[in-house]
Structures are given as structure tokens and as C-alpha cells.
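One letter stands for each residue in the lines below.
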Amino acid sequence: MKKFAVLFAVLALNFAFAKDYEVQMLDMDKNNQTMLFEPGFLQIQPGDSVTFVPTHKSHWAKSVIVPEGAEKFESKLDEKATFTFDKEGVYIYVCPPHQMMNMVGIIQVGKATNLDKIKQALPKLEKRATMNEGRLSEYAKSINE
């Protein structure tokens, strides 16, 4: 019974301290960069959540790489959506209709447990971009090993 109480207390503390972050889906930011998630790189902790906000129309967020054992996520067109990230690792996501414009983002949850997989995927993902080349690689420099 004592173990259950301790486990419950730990879970309650995690929930109490979990944070919600917001990522905006933009056609253009204040620096005239086009088709981007703001922020493009986000570092959070397990149990935190991210809310994707379609500030402009025709956007949604869809994961393309997730850590092993993590669930993929996908919002709906022009709808606000919140996802909770419980599994440590690096998540790469895109706006499907604007992926060629390198509308991509990275969320690092805790430790970068799947960094090798991310490094292997970066060239292929960057190769698909016809605009905003190098954006994903620039975001990836923020990953903490």
C-alpha cells in the first residue's frame, strides 16, 4: 500500500508541474520568414504538452519521426490541437501541404534518445525542401545530446 501511495504522489507531482507550450503555424513571421512553426525548436520534459495553433489557414502538424515506442501525432486542418509527450526523444514534424517549403519543427523531450535516427533522416528531409533550405538542419543544432 505504501508503494502505491508513493507512486501516486510521484504521478501527481508530474501532472502538477507539467507545462503546456504553444507552437504557432504561420504563413510569415515578423522577420518575413515564410511557412514556419514558431518556435521551430522546442525543448520540453516528459509529461509536458504542446498546443499547435493555426494562426494562419491551411496548416496542420503531423509527426514524421518519433522515438521508438512513442505515438505519432497529427492535428486537423485549421484546428488547434494539444498533444502530450511522455516518451523521451526527438520528434520531427511537418505541415504536410507546406513540407516542400520546409515548414518543419523539432520537439526534444528530455534526452535525445533517438539522435542517430534523427541525424540519418535530416539529409533526406532537407532534400525535399524547395524553399527555406537548411531550416531543419539549423533547428537540429539546438538538440542537446
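All of these numbers come straight from a predicted model, not from anything done at the bench.

Draft legend 1. Local environment of the pattern of salt bridges. By the definition in use, this model includes one salt bridge. The shortest N-O distance in the salt bridge between Lys-141 and Glu-138 comes to 3.2 Å. A residue is classified by how much of its surface remains accessible, and Glu-138, at 48% relative accessible area, is partly exposed.

Draft legend 2. Structural view of the nonpolar core. Ranked by size, the top nonpolar core spans 21 residues in total, and within it Phe-37, Phe-52, Phe-85 and Ile-107 carry the most contacts. Among the secondary structure elements, those contributing two or more residues to this core are β1 (20-28), β2 (34-38), β3 (41-44), β4 (49-53), β6 (81-84), β7 (89-94) and β8 (104-109). Excluding residues within four positions of it along the chain, Ile-107 makes contact with Leu-42, Ile-44, Val-50, Phe-52, Phe-85, Gly-89, Val-90, Tyr-91 and Tyr-93. Residues Ala-112, Leu-115, Leu-136 and Ala-140 belong to the second largest nonpolar core, which totals 17 residues.

Draft legend 3. Examining the environment of Lys-80 more closely. Here Lys-80 lies in the loop between β5 (62-65) and β6. The sequence separation of Lys-80 and Gln-24 amounts to 56 residues, and the corresponding C-alpha distance is 9.5 Å. The residues contacting Lys-80, other than those within four sequence positions of it, are Thr-51, Phe-52, Val-53 and Pro-54.

Draft legend 4. Representation of the packing of aromatic side chains within the structure. What the rule picks out here adds up to nine aromatic pairs. Centre to centre, the rings of Phe-85 and Tyr-91 are 4.9 Å apart; their planes meet at 85 degrees, and the pair counts as edge-to-face. Judged by its relative accessible area of 3%, Phe-85 falls in the buried class.

Draft legend 5. Local environment of the layout of surface pockets. Roughly 170 Å³ of volume is contained in the largest pocket. Lining the largest pocket we find Gly-69, Ala-70, Glu-71, Lys-72, Phe-73, Phe-83, Thr-84, Phe-85, Asp-86, Lys-87 and Tyr-91. Grouping the amino acids of the lining of the largest pocket by side-chain chemistry returns five nonpolar, two polar and four charged.

Draft legend 6. Looking closely at unusual backbone geometry. Cis peptide bonds are those with omega within 30 degrees of zero, and the linkage from Glu-38 to Pro-39 qualifies with 0 degrees. One can find Pro-39 in the loop between β2 and β3. The phi angle at Ser-58 is positive, at roughly 75 degrees, despite the residue not being glycine. By the element assignment, Ser-58 lies in the loop between β4 and β5. Of note, Asn-132 is a non-glycine position whose phi angle comes to about 55 degrees, a positive value.

Draft legend 7. Representation of the side chain of Thr-51 in the model. By the element assignment, Thr-51 lies in strand β4. According to the relative accessible area criterion, Thr-51 is buried, its value standing at 6%. Here Asp-20 takes part through its side chain, which lies 3.1 Å from a polar atom of the side chain of Thr-51. In this view, Thr-51 contacts Asp-20, Tyr-21, Glu-22, Val-23, Lys-80, Ala-81 and Thr-82; residues no more than four positions away in its chain are not counted.

Draft legend 8. Main features of helix α2 (residues 115-127). Taking 1.5 Å as the rise per residue, α2 with 13 residues should run 18 Å; its terminal C-alpha atoms sit 19 Å apart, in good agreement. Where α2 bends most, the angle comes to about 35 degrees, and this point is Ala-121, followed within four residues by the proline Pro-123. Where α2 is concerned, the buried positions are Leu-115, Ile-118, Ala-121, Leu-122, Leu-125 and Glu-126. In this structure, the buried residues of α2 make contact with β5, β7 and α3 (135-140).

Definitions and limits used
Residues numbered from 1 in each chain as written. Predicted model: local features only at pLDDT ≥ 70, side-chain atom pairs only at ≥ 80, totals over all residues. Heavy atoms only, no water. Salt bridge = Lys/Arg side-chain N within 4 Å of Asp/Glu carboxyl O. Buried < 20%, exposed > 50% of the residue type's maximum accessible area, 1.4 Å probe, protein only. Core = buried A, V, L, I, M, F, W, Y, C linked by side-chain atoms within 4.5 Å. Helix = DSSP H or I, 4+ residues; strand = E, 2+ residues; numbered from the N terminus. Contact = heavy atoms within 4.5 Å. Phe/Tyr/Trp six-rings, centres within 6.5 Å; stacked < 30°, edge-to-face > 60°. 1 Å grid on protein atoms, 1.4 Å probe; cavity = no way out; pocket = protein on both sides within 12 Å on 5 of 7 lines; lining within 4 Å. Points joined across faces, edges and corners; volume = space filled by probe spheres on them. Nonpolar A, V, L, I, M, F, W, Y, C, P; charged D, E, K, R; others polar. Polar contact = N/O pair within 3.5 Å; in protein donor to acceptor, adjacent residues only side chain to side chain. Expected span 1.5 Å × (residues − 1). Bend = angle between axes of the 7 residues up to and from the residue.

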